[in-house]
Amino acid sequence: MQELNKEHKPLIVAFCCNWCSYAGADLAGSSRLSYPANVKIIRVPCSCRVNPTFILKAFQKGADGVILCGCHPGDCHYTSGNYYARRRMTLLFSMLDYLGIERERTRVEWVSAAEGAKFSKVMNEFAKTICELGENKRLEDLRCKD
Amino acid sequence: MQRLEVAFLEKAKELLSSGQVNRVLAYKKGEFCYDVSPAVFYSVEELENAVYNGFCGANLSKYLIQESKKEGKVAVFLKPCDTYSFNQLIKEHRVNRENVYVVGIECQGKFSIEKFYKTGVGFVASVQEDLDSVLVNGETKIDRNAVKLERCLVCKKQHVVYDELLVINEKKDGDLDRFEMVKKLEAMTADERFAFWKEQLSKCIRCNACRNVCPACTCTKCVFDNDDSQISSKANADSFEEKLFHIIRAFHVAGRCTDCGECSRVCPQNIPLHLLNRKYISDINEFYGEFEAGKDIAQKGPLTNYTTGDIEPNDFKGGNK
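Residues numbered from 1 in each chain as written. Chains lettered and ligands numbered in written order. Predicted model: local features only at pLDDT ≥ 70, side-chain atom pairs only at ≥ 80, totals over all residues.

### Concerning the overall build of chain B
Okay, so step 1: A count of helices and strands for chain B gives eleven helices and eight strands.
Okay, so step 2: Against the globule reference of 20 Å for 321 residues, chain B gives a C-alpha radius of gyration of 21 Å, in line with a compact fold.
Okay, so step 3: Counting across all 321 residues of chain B, residues that qualify as buried make up 39%. (Helix = DSSP H or I, 4+ residues; strand = E, 2+ residues; numbered from the N terminus. Rg over C-alpha atoms; globule rule 2.2 N^0.38 Å. Buried ≥ 20, exposed ≤ 12 C-beta atoms within 10 Å, placed from the backbone.)

### A few points about the interface of chain A and chain B
Okay, so step 1: Listed by partner, the interface residues are 33 residues for chain A and 33 residues for chain B.
Okay, so step 2: Among the elements of the structure, α3 (52-60), α4 (81-98) and β4 (106-110) of chain A are those that each provide at least two residues to the side of chain A that touches chain B.
Okay, so step 3: The biggest single contributor to the side of chain A that touches chain B is α4(A), with 14 residues.
Okay, so step 4: Looking at side-chain class alone, the side of chain A that touches chain B contains 15 nonpolar, seven polar and eleven charged residues. (Contact = placed C-beta atoms within 7 Å. Nonpolar A, V, L, I, M, F, W, Y, C, P; charged D, E, K, R; others polar.)

### What about helix α3 (residues 80-91) of chain B?
Residue and element names in this part refer to chain B.
Okay, so step 1: Taking 1.5 Å of rise per residue, twelve residues should cover 16 Å, and α3 covers 17 Å from first to last C-alpha, within 8% of that figure.
Okay, so step 2: Of all twelve residues that make up α3, ten are buried, and the element is covered over most of its length.
Okay, so step 3: All buried positions along α3 are accounted for by Pro80, Cys81, Asp82, Thr83, Tyr84, Ser85, Phe86, Asn87, Gln88 and Leu89.
Okay, so step 4: Those residues of α3 hidden inside the fold are in contact with α2 (63-67), β3 (74-78) and β4 (100-105). (Expected span 1.5 Å × (residues − 1).)

### Topic: unusual backbone geometry
Residue and element names in this part refer to chain B.
Okay, so step 1: Of note, lysine 157 is a non-glycine position whose phi angle comes to about 65°, a positive value.
Okay, so step 2: Here lysine 157 is to be found in the loop between α5 (144-147) and β8 (164-166).
Okay, so step 3: Of note in the backbone geometry, asparagine 270 takes a positive phi value of approximately 55° without being a glycine.
Okay, so step 4: With respect to the helices and strands, the residue asparagine 270 is situated in the loop between α10 (262-266) and α11 (274-288).
Okay, so step 5: Owing to 12 C-beta atoms within 10 Å, asparagine 270 belongs among the exposed residues under this scheme.

### Structural notes on the nonpolar core
Okay, so step 1: A:Ile12, A:Ala14 and A:Cys17 are the most contacted members of the largest nonpolar core, which totals 75 residues.
Okay, so step 2: Excluding residues within four positions of it along the chain, A:Ile12 makes contact with A:Asn38, A:Val39, A:Lys40, A:Ala63, A:Asp64, A:Gly65, A:Ile67, A:Phe126, A:Ala127 and A:Ile130.
Okay, so step 3: If you look at the next biggest cluster of nonpolar residues, it comprises 43 residues, including B:Phe41, B:Phe77, B:Ile105 and B:Val127. (Core = buried A, V, L, I, M, F, W, Y, C linked by C-beta atoms within 7 Å.)

### Quick notes on the sheet that holds strand β7 (residues 140-143) of chain B
Residues and elements named next belong to chain B.
Okay, so step 1: Ordered in space as β5-β6-β7, the three strands form an open sheet in which the pairing is antiparallel. Unpaired on one side and paired on the other, β5 (127-129) and β7 mark the two borders of the sheet. Put simply, the sheet's adjacent strands are angled 25° from each other on average, direction ignored.
Okay, so step 2: Where strand β6 (residues 133-136) and β7 come together, four bridges link them in antiparallel fashion. Among the inter-strand pairings, leucine 135 is bridged to a residue of β7, identified as lysine 141. (Pairing = 2+ DSSP bridges. Axes fitted to C-alpha atoms, helices over the stretch in contact; angles between N-to-C directions.)

### Side note on the domain arrangement of chain B
Residue and element names in this part refer to chain B.
Okay, so step 1: For chain B, the domain assignment lists domain 1 (2-110 + 159-166) and domain 2 (180-304).
Okay, so step 2: Inter-centroid distance (C-alpha atoms) of domain 1 to domain 2 is 26 Å.
Okay, so step 3: Taken together, the 16 residues of domain 1 in the interface contact 13 residues of domain 2.
Okay, so step 4: With nine residues, α3 is the single largest residue contributor to the side of domain 1 that touches domain 2.
Okay, so step 5: Here the side of domain 1 that touches domain 2 is built from residues that sort into six nonpolar, six polar and four charged. (Domains from an automatic or database assignment.)

### Some remarks on the sheet that holds β4(B)
Adjacent strands of a sheet form backbone hydrogen bonds with each other and so pair up, either parallel or antiparallel.
Residues and elements named next belong to chain B.
Okay, so step 1: Spatially, the five strands line up as an open sheet ordered β2-β1-β3-β4-β8, and their pairing is mixed. Edge positions in the sheet fall to β2 (37-41) and β8, since each of these pairs with one other strand and no more. Across the sheet, the mean angle separating the axes of adjacent strands is 30° when strand polarity is ignored.
Okay, so step 2: Pairing analysis gives five bridges linking β3 to β4, with the strands arranged parallel. When the bridges of β4 are listed, phenylalanine 77 appears paired with valine 103.
Okay, so step 3: Each of β1 (23-28), β3, β4 and β8 touches helix α1 (residues 2-17); the most contacted strand, β1, lies at about 155° to it.

### Quick word on the environment of B:Leu16
Residues and elements named next belong to chain B.
Okay, so step 1: With respect to the helices, strands and loops of the structure, leucine 16 is situated in helix α1.
Okay, so step 2: For the pair leucine 16 and aspartate 35, spaced 19 residues apart in sequence, the C-alpha separation works out to 25 Å.
Okay, so step 3: Not counting residues up to four positions away in its chain, the partners in contact with leucine 16 are Val21, Val24, Ser43 and Val44.

### A short note on the pairing of strand β1 (residues 12-17) of chain A
Two faces make up the sheet, and in a regular strand the side chains alternate between them.
Residues and elements named next belong to chain A.
Okay, so step 1: Of all six residues in β1, six are buried, a share of seventy percent or more.
Okay, so step 2: Here β1 runs beside strand β2 (residues 39-44); their pairing, made up of six bridges, is parallel. Note on β2: the bridge partner recorded for alanine 14 is isoleucine 41.
Okay, so step 3: Read from β1 through helix α2 (residues 21-30) to β2, the crossover connection turns out right-handed.
Okay, so step 4: Pairing of β1 with strand β3 (residues 65-70) involves five bridges; the strand directions are parallel. (Right-handed = clockwise from strand over helix to strand, strands pointing away.)

Structure, rendered in structure tokens:
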């Protein structure tokens, strides 16, 4: 991990829902499982709270990858929030793909409060993918003129 | 075609003079024949300036949000595609249906003045319309399809909501595949797509015309105007909204966009904005089953609904790499 990080240190924003994924991250911490330090976690009440503009804004402000973590489908604290989030994110990611932006930069993962190991694994994998992709230039400015 | 305009004027006069409505929302003449704008007429005398021709492309349904809330009844002339927008507004409780008398009017496809110029006719002083051709300045005959707005090559044809119909000739053409260009873009490589959109969106001058004209954009407080929002307003120095404006604009109407094509029609920079909306429509059709906004108001919108077996956001096929 550290070798890859030498040249470019990517910034990764992780939106985590309060009830599952944030607790999952907590468990990863208390179980002493490591995940990359450049993953910045933003706690949200529910994955459904994440407005597509949040994700775009993160990219605009210099994120190289954005990941949304929520409760597993069917396990939402608010019954159905993650189902709506799922539809929204599918459409948003598909649109980003349509605009020619690398689709690996965005991701959705379902992580429960008991899945500290999964959280750590997902973040390590995602950070690796983003390191390989390098700096985010396309989403920072769609109208960039080279 | 002139018969239709006469019928339109007669109908408007009849509605006003009988007292059935106290105003009519239609189109008024401008300085030139192609310079037609939406207007409200309060009396039979004012109707002298009313007009209905191939340049009446504006979607009147958005004006009804305001007009339907005023006192008295308003009559409106809606084309087939306008009725979809109107129906969607009814669904969203944005218009007061009881205050509106809808006359579904015939439409044989509206014109784009730029397309006239492209044919090399020069100044367009007058246009005489026929079902499949137009006579410009009384001398040059042009095929009607050559000067139609792009959106009119794909036509909805049927009115979905009306109180009465004013149709003399049925529309026959307009059966092209509306997702043709979306499919073409998806078949390109990611780099080509990026280059395409960069070129298109770089033309944007952020005039907000696409937002202002859109019948699905009906928030009284818009994120693009609201200083307290996540996204700053136009005057601020933040560069965010300028760049990602178009993604957000299209997303805000995803699942509600009736594909009326007004955004592309009004764009002064000719950005094909409808291609963004159509991408959302084609995705919704593909992932969540066929859905046409504005067609059936009893149906739940795709983004306010879900099934437990929906596709995962990491798993869609997407365009070429």
